[in-house]
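# Report on the structure
Chain by chain, the residues run as shown.
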Amino acid sequence: MAVCLSFLVKPTELIREQPYIVHNIEMTQQAYGLDRFLLRQFPAETTVDATDPANNQLTLQNIRLWDVKALQDTLRQIQEIRTYYDFPDIDIDRYEIDGSMREVMLAARELNVEKLPRAAATGSTKKLIYTHGYGITMNPVNGLYGRSRPALLLSNMPVQSTTSGLSVTRPEIYFGEMTNTDVYVKTRQQEFNYPQGESNNLLLTKATGGIELGGLLRRILIAFDRGDLAKLPFSDDVNAQSRLLMRRTVRERVAALAPFLTFDQDPYIVLGDDGRLSWFWMRSRNRIPIPYSTHYFVDGQSINYMRNSVKAVVDAYDGTTTLYVFDNQDQFGGLSRHLPRPFQDAVGDAGRAAQARALPGTAA
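Each value, and the rule that gives it
- Numbers given to residues run from 1 along each chain, matching the order in which its sequence is written.
- Owing to the predicted nature of the model, reporting of local features is limited to residues with pLDDT of at least 70; listing and counting of side-chain atom pairs is limited to 80 or more, with chain, interface and lining totals taken over all residues.
- Only hydrogens and water are set aside when side-chain values are computed; all heavy atoms of the structure are taken into account.
- Segments assigned H or I by DSSP are reported as helices when at least four residues long, segments assigned E as strands when at least two residues long, and all are numbered from the N terminus.
- Relative accessibility under 20% of the residue-type maximum defines a buried residue, over 50% an exposed one, and the middle range a partly exposed one, all with a 1.4 Å probe and only protein chains included.
- Contacts are assigned to residue pairs with any non-hydrogen atoms lying within 4.5 Å of each other.
- Joining through side-chain atoms within 4.5 Å is the link that ties buried Ala, Val, Leu, Ile, Met, Phe, Trp, Tyr and Cys residues into a set, and such a set is a nonpolar core.
- When DSSP finds two or more bridges between a pair of strands, those strands are recorded as paired.
- Salt bridge, as applied in this entry: a Lys or Arg side-chain nitrogen positioned within 4 Å of an Asp or Glu carboxyl oxygen.
- A score from 0 to 100, pLDDT tells how confident the predictor is in each residue.
- By construction, the arc corresponds to the directions joining the helix axis to the C-beta atoms.

Helix and strand counts for the chain stand at nine helices and 23 strands. Taken over 364 residues, the chain has a buried fraction of 46%. For the chain, long-range pairs separated by at least 24 residues make up 61% of all intrachain contacts whose partners lie at least 6 apart in sequence.

Soluble globular proteins tend to pack their nonpolar side chains together in the buried interior. Residues Ile-136, Met-138 and Leu-271 are the most contacted members of the largest nonpolar core, which totals 43 residues. No other element matches the five residues that strand β18 (residues 277–282) contributes to this core. Not counting residues up to four positions away in its chain, the partners in contact with Leu-271 are Tyr-95, Ile-136, Met-138, Leu-154, Leu-166, Ser-167, Val-168, Arg-276 and Leu-277. Counting eleven residues, the second largest nonpolar core, distinct from the first, contains Val-113, Leu-116, Ala-120 and Tyr-134.

Before going further, it helps to examine the sheet that holds strand β16 (residues 243–245). The antiparallel open sheet is built from three strands, whose spatial order is β12-β16-β15. The outermost strands of the open sheet, each flanked by one partner alone, are β12 (183–185) and β15 (211–212). Note that β12 and β16 share three bridges and pair antiparallel. Residue Tyr-184 lies in a different strand from β16, and its bridge partner there is Leu-244.

What follows concerns the pairing of strand β6 (residues 136–140). Counting buried positions along β6 gives five out of five residues, so the element sits mostly inside the fold. Of the two faces of β6, both are covered, the one formed by Ile-136, Met-138 and Pro-140 as well as the one formed by Thr-137 and Asn-139. Bridge analysis of strand β3 (residues 100–108) against β6 gives five bridges, and the strand direction is antiparallel. Residue pairing in the sheet places Leu-106 in a bridge with Met-138 of β6.

To continue, consider the pattern of salt bridges. This structure, assessed with the given rule, holds nine salt bridges. Where Arg-36 meets Asp-35, a salt bridge forms, and the shortest distance between an N and an O atom there is 3.4 Å. Overall, the relative accessible area of 52% leaves Arg-36 in the exposed class. You can call Asp-35 partly exposed: its relative accessible area is 45%. The salt bridge partner of Arg-170 is Glu-172, with a shortest N-O separation of 3.3 Å. Look at Arg-170 and you get partly exposed, because its relative accessible area is 24%.

Right, let's get into the confidence of the model for the chain. With 80% of its residues at a pLDDT of at least 70, the chain reaches an overall mean of 81. Note that residues 1–15 has pLDDT below 50 and, in this model, 29 contacts with residues that lie over four places away or in other chains. Low pLDDT, under 50, characterises residues 349–364; the stretch is placed with 36 contacts to residues that sit more than four places away or in other chains.

A few words now on helix α4 (residues 68–78). Among all positions of α4, only Leu-71, Gln-72, Thr-74 and Leu-75 are buried. All buried residues of α4 fall inside an arc of 165° around its axis, so they share one side. Contact partners of the buried residues in α4: β3, β6 and β8 (149–150).

As structure tokens, this is what we get:
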């Protein structure tokens with residue numbers, strides 16, 4: 001957000017006579033970290049080495065050539081595999097590949113139940129069999145295969161990797177950006193996992209997320225809550241150990257846990273060191289206005305300050321949601337240290353996975 005720097009200079013004698021102006025200046029300096037910075041000299045490079053490609057390979061290897069829209073259209077042609085999959089978004093992040101940090105583009109292959117064939121689009125089928133998306137694609141921001149295709153590091157179903165150190169051990173996406181319907185897992189029906197030639201790979205999930213259906217009274221309460229009084233909670237396809245997965249979009253899930261926080265507009269997919277997929281969503285908007293900052297209207301709200309102090313992490317497989325606090329100086333960050341789970345301090349052992357992705361790429 002823009003800041004009027006003329007107000008950040010040392011107050012004059014006239015301003016010192018008006019304490020509220022001094023307070024506003026100090027508040028703005030603190031908000032933007034201008035009360036704790038060091039002066040350092042960075043000599044300009046004036047020799048030919050400054051433009052020598054051999055001395056600037058790290059920069060050149062990470063210049064983005066792929067346009068997000070063009071890549072999204074290309075992936076839909078070559079990686080959707082079936083018409084009922086979709087790539088709703090392209091995320092940009094950084095990963096260590098072959099010993100060097102590379103900027104890459106990732107896309108989650110989510111299931112779009114609205115595109116299922118008519119024969120498979122019944123209510124029970126969509127909630128018992130077609131329950132999840134599958135896998136991701138990953139490519140360098142400037143990698144090309146031939147003239148028009150991305151050089152994919154991760155692709156296909158099952159997920160294939162072209163480089164050591166990158167693997168997806170849990171590719172199923174039960175929670176994502178498009179997963180806006182309830183589903184039942186651990187039922188007597190095998191779930192569709194991914195297409196495999198002329199046949200299908202089926203799955204009996206081991207996920208422990210969601211709500212266990214249990215006995216009759218519990219099922220009646222679930223049926224009332226989900227508006228499904230005459231169908232699946234009482235179906236022969238489910239049993240006491242079956243589970244209902246609800247609030248499956250990242251936005252809805254995080255909002256249910258922390259409605260008092262305001263987050264950025266776009267969650268992004270992350271591949272962990274253990275091969276699991278997670279969604280990261282960063283808190284960005286501050287409801288408290290900061291003096292001398294320009295106001296912008298976002299989603300009908302006027303904001304003038306953004307601070308990335310809390311990161312929500314949602315496991316794409318079981319929906320486990322944790323809120324990591326990265327900045328205890330933020331208005332909410334200090335309070336969150338006294339709150340129970342799902343808030344955790346990113347500095348501790350529990351925050352190591354989040355710390356590994358604490359420096360987001362261009363998109364974030």
